[in-house]
Amino acid sequence: EVDHISATKKGDFPNGDGSDNGKRPVYSSSEIDSIIKRKPLINDPVGNKIRLVIVKALKHHDNSKFQDKACENLRFMATSADNVSKIILLGGLKMVSKAMEDHPRNSVVQAEAS
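All residue numbers refer to positions counted from 1 along the written sequence of the respective chain. Note on the predicted model: pLDDT of at least 70 is required for a residue's local features to be given, and 80 or more for side-chain atom pairs to be given and counted; whole-chain, interface and lining totals, by contrast, use all residues. Computation of side-chain values covers all heavy atoms of the structure but excludes hydrogens and water.

A. Representation of the overall build of the chain within the structure. Helix and strand assignments follow DSSP, with helices taken as H or I runs no shorter than four residues and strands as E runs no shorter than two, numbered in order from the N terminus. From N to C terminus, the chain includes six helices and two strands. Reading the chain from its N end, one meets helices and strands in the order β-β-α-α-α-α-α-α. We call two residues in contact when some of their heavy atoms are within 4.5 Å. Counting only contacts in the chain whose residues sit at least 6 apart along the sequence, the fraction spanning at least 24 positions is 54%. Computed by Shrake-Rupley with a 1.4 Å probe, the accessible areas treat only the displayed protein chains as cover when residues are assessed. Element-wise, carbon and sulfur atoms account for 54% of the exposed surface of the chain, whose accessible area totals about 7,000 Å².

Laid out in C-alpha cells, this is it:
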C-alpha cells in the first residue's frame, strides 16, 4: 500500500518503517524486474507512457544520459495528482532513486532526479 504523503511503501527503506535513518533505499534486482515485467495499462495512454519511461530507464540503468532524460520526462509528466500517483504506483520513485544511486557523481542525474 502506498503512503501518498511520504510517497513510500513500508519496507522501501532498510529499517522497514518508512524512514531511512539517513540511508538511501535499497532495491533488489527482483523488485526492479517486477517493475519491468508489469503489463501495460488498459485504456490509459498517459499511464503507459509513464510506464514506458520507467521501464526503459530501469533496463538502461547504467547509462547516465538515459537516466537524466527519464527523470526529466517524469518531471514533465508530473502535471497532475493523477499523473503523480501513476508515477508512484508504476515504480517511478524506485527508478529515480536507482538513478541517483547508480550515478552518484553525475551532477546532471542528481539534479534532474531530485
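B. Structural detail: the packing of helix H2 (residues 45–59) against helix H5 (residues 92–102). Every axis corresponds to a line fitted to the C-alpha atoms, with the helix fit spanning only the stretch in contact, and the corresponding angles, defined between N-to-C directions, vary from 0 to 180 degrees. Between H2 and H5, whose axes approach to 10 Å, the crossing angle comes to 30°. In this structure, H2 crosses over H5, and the sense of that crossing is left-handed. Judged by residue contacts, Val 53, Ile 54, Ala 57 and Leu 58 of H2 engage Gly 92, Met 95 and Lys 98 from H5. Three residue categories are used. Nonpolar comprises Ala, Val, Leu, Ile, Met, Phe, Trp, Tyr, Cys and Pro, charged comprises Asp, Glu, Lys and Arg, and polar comprises the others, including Gly. A class-by-class count of the residues in the contact of H2 with H5 yields five nonpolar, one polar and one charged. Each crossing gets its hand from how the near helix is turned against the far one by less than a right angle, where anticlockwise is left-handed and clockwise is right-handed.

C. Fine view of the nonpolar core. Counting 21 residues, the largest nonpolar core has Ile 50, Ile 54, Leu 58, Cys 71, Leu 74, Met 95 and Val 96 as the members making the most contacts within it. Of all the secondary structure elements, the ones that give two or more residues to this core are helix H1 (29–36), H2, helix H3 (64–77), H5 and helix H6 (107–113). When residues of this core are assigned to their parent elements, the largest contribution, six residues, is made by H2. Within this scheme, the nonpolar core is defined by two criteria: the residues are buried Ala, Val, Leu, Ile, Met, Phe, Trp, Tyr or Cys, and they are joined through side-chain atoms within 4.5 Å. Residue burial is assigned from relative accessible area. The probe radius is 1.4 Å, only protein chains are included, and a residue is buried under 20% of its type maximum, exposed over 50%, and partly exposed in between.

D. Focus on the side chain of Gln 67. You can see Gln 67 is positioned in helix H3. The exposure class of Gln 67 is buried, given its relative accessible area of 2%. From its side chain, Gln 67 meets the backbone oxygen of His 60 in a polar contact 2.9 Å long. Look past the residues within four positions of Gln 67 in its chain and what remains in contact with it is Ala 57, His 60, His 61, Met 95, Ala 99, His 103 and Val 109. In the analysis that follows, any N or O atom pair within 3.5 Å is treated as a polar contact, provided that within protein one partner can donate a hydrogen and the other can accept it, and provided that, for residues neighboring in sequence, both atoms belong to side chains.

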